[in-house]
Structures are given as C-alpha cells and as structure tokens.
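Residue strings, one per chain:
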Amino acid sequence: MVSNKRGLKREPGYSKVWIKELNIPAYLRDLNKIGLKIDIPMDMEVPTGEILSLVILPEEAIKIPSFEISVEVRWSRKDDPFTSLGVKINPIKDSIYKKNYEKLIAFYRENE
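Residues numbered from 1 in each chain as written. Predicted model: local features only at pLDDT ≥ 70, side-chain atom pairs only at ≥ 80, totals over all residues. Heavy atoms only, no water.

Regarding the packing of aromatic side chains
- Per the counting criterion, the structure on display carries two aromatic pairs.
- Between F67 and Y101, the ring centres sit 6.2 Å apart and the planes meet at 75 degrees, which makes this aromatic pair edge-to-face. Here the residue F67 occupies a position in strand β5 (residues 67-79), and Y101 occupies one in helix α1 (residues 95-110), the gap between them amounting to 34 residues.
- Accessibility expressed as a relative area gives 3% for Y101, which makes it buried.
- Over the aromatic face of F82 sits the side chain of R29, whose NZ or CZ is 5.4 Å from the ring centroid. (Phe/Tyr/Trp six-rings, centres within 6.5 Å; stacked < 30°, edge-to-face > 60°. Helix = DSSP H or I, 4+ residues; strand = E, 2+ residues; numbered from the N terminus. Buried < 20%, exposed > 50% of the residue type's maximum accessible area, 1.4 Å probe, protein only. Lys NZ or Arg CZ within 6 Å of the ring centre and 35° of its normal.)

Structure (structure tokens):
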C-alpha cells in the first residue's frame with residue numbers, strides 16, 4: 001500500500017479531463033488547491049517533471065464551465081486499467097480559470 005504523504009486533504013472528485021499535449025482523455029479523481037490525481041484509461045509512460053495542459057470538463061450539473069490549468073507531473077503508476085498521475089498545479093494566471101477551479105474544489109467539499 002502506498003502511504004499518503006500529502007500535507008493537505010484532497011477532496012474526492014470526478015470530472016472528465018482532456019490532456020492537450022498527449023491528445024487523450026482522462027478522469028480527475030481527487031483534488032485540492034495545490035494538486036490533483038488523474039487517471040488515464042490506458043497503459044502509458046508519463047515522465048516525472050513533464051508539464052501538461054489539462055482542460056477540466058466538469059459535469060453539467062455542477063454548472064462550472066470548462067477551464068484550463070497547467071500542471072507538473074510529480075508521480076505516475078500503473079493502476080490497471082489506468083495510468084494514474086499525481087500532479088502539482090502551476091500558478092493559474094487566468095482569474096476566471098482560477099475561480100472555476102476554486103468553485104470545483106468547493107463543490108466537491110460540500111458534496112462529499
């Protein structure tokens with residue numbers, strides 16, 4: 001079993017994600033203000049330190065528009081049938097995207 005080394009609690013979540021550089025879909029599994037976990041539905045190598053652009057596609061019921069964030073891969077592992085990634089969020093420069101990410105965290109915190 002992998003130990004949890006996180007300093008901040010992550011909220012469980014579910015949103016679809018598009019990884020622009022890899023041109024593939026993925027799923028957001030948990031999140032907090034500094035990082036998140038995503039699952040890619042295939043076996044692949046994603047190097048630690050790689051910078052990725054994620055388009056977050058919240059469920060329609062949440063009423064938060066899609067937005068984009070930049071992340072750095074901190075770890076990856078095989079969780080058949082997925083490749084799981086732990087990523088650190090780079091500073092979100094667009095104020096609307098930042099607000100949408102904060103709303104997404106709040107939604108999952110309130111609906112846990």
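What to know about the layout of surface pockets
- Counted as a void, the second largest pocket has a volume near 150 Å³.
- What lines the second largest pocket is simply K33, I89, N90, P91, I92, K98, Y101, E102 and I105.
- For the lining of the second largest pocket, the leading source of residues is α1, giving four residues.
- Taken together, the residues of the lining of the second largest pocket break down into five nonpolar, one polar and three charged. (1 Å grid on protein atoms, 1.4 Å probe; cavity = no way out; pocket = protein on both sides within 12 Å on 5 of 7 lines; lining within 4 Å. Points joined across faces, edges and corners; volume = space filled by probe spheres on them. Nonpolar A, V, L, I, M, F, W, Y, C, P; charged D, E, K, R; others polar.)

Some thoughts on the confidence of the model for the protein
- Per-residue confidence for the protein gives a mean pLDDT of 89, with 88% of residues at or over 70.
- For the protein, strand β1 (residues 11-19) is the element with the lowest average pLDDT, namely 83, and strand β4 (residues 51-57) is the one with the highest, namely 97. (pLDDT = per-residue confidence, 0-100.)

What to know about the nonpolar core
- I19, L36, L54, I69, Y101 and L104 are the most contacted members of the largest nonpolar core, which has 28 residues in total.
- Among the secondary structure elements, those contributing two or more residues to this core are β1, β2 (24-31), β3 (35-40), β4, β5, β6 (82-89) and α1.
- Leave out the neighbours within four places in its chain, and L54 touches V17, W18, I19, L36, I38, F67, E68, I69 and V71. (Core = buried A, V, L, I, M, F, W, Y, C linked by side-chain atoms within 4.5 Å. Contact = heavy atoms within 4.5 Å.)

Some words on the pattern of salt bridges
- Enumeration over the complete set of coordinates arrives at five salt bridges.
- Between R77 and D79 there is a salt bridge, with its nearest N and O atoms 3.2 Å apart.
- Classification of R77 by relative accessible area gives partly exposed; the value is 30%.
- Overall, the relative accessible area of 26% leaves D79 in the partly exposed class.
- Bridged by salt links that share partners, the residues D43, E45 and K78 form one connected network. (Salt bridge = Lys/Arg side-chain N within 4 Å of Asp/Glu carboxyl O.)

Some remarks on the side chain of T83
- Relative to the elements of secondary structure, T83 occurs in strand β6.
- The buried category is assigned to T83, whose relative accessible area is 0%.
- A polar contact is formed between the side chain of T83 and the backbone nitrogen of M44, at a distance of 3.1 Å.
- Once you skip the residues sitting within four places of it in the chain, T83 turns out to touch I38, D39, I40, M42, D43, M44, R77 and K78. (Polar contact = N/O pair within 3.5 Å; in protein donor to acceptor, adjacent residues only side chain to side chain.)

Looking at the environment of I69
- Note on placement: I69 falls in strand β5.
- The exposure class of I69 is buried, given its relative accessible area of 3%.
- Residues I69 and Y101, spaced 32 residues apart in sequence, show a C-alpha to C-alpha distance of 8.7 Å.
- Those residues within four positions of I69 in sequence are excluded, and the remaining contacts are L36, L52, S53, L54, I56, I89, I92 and Y101.

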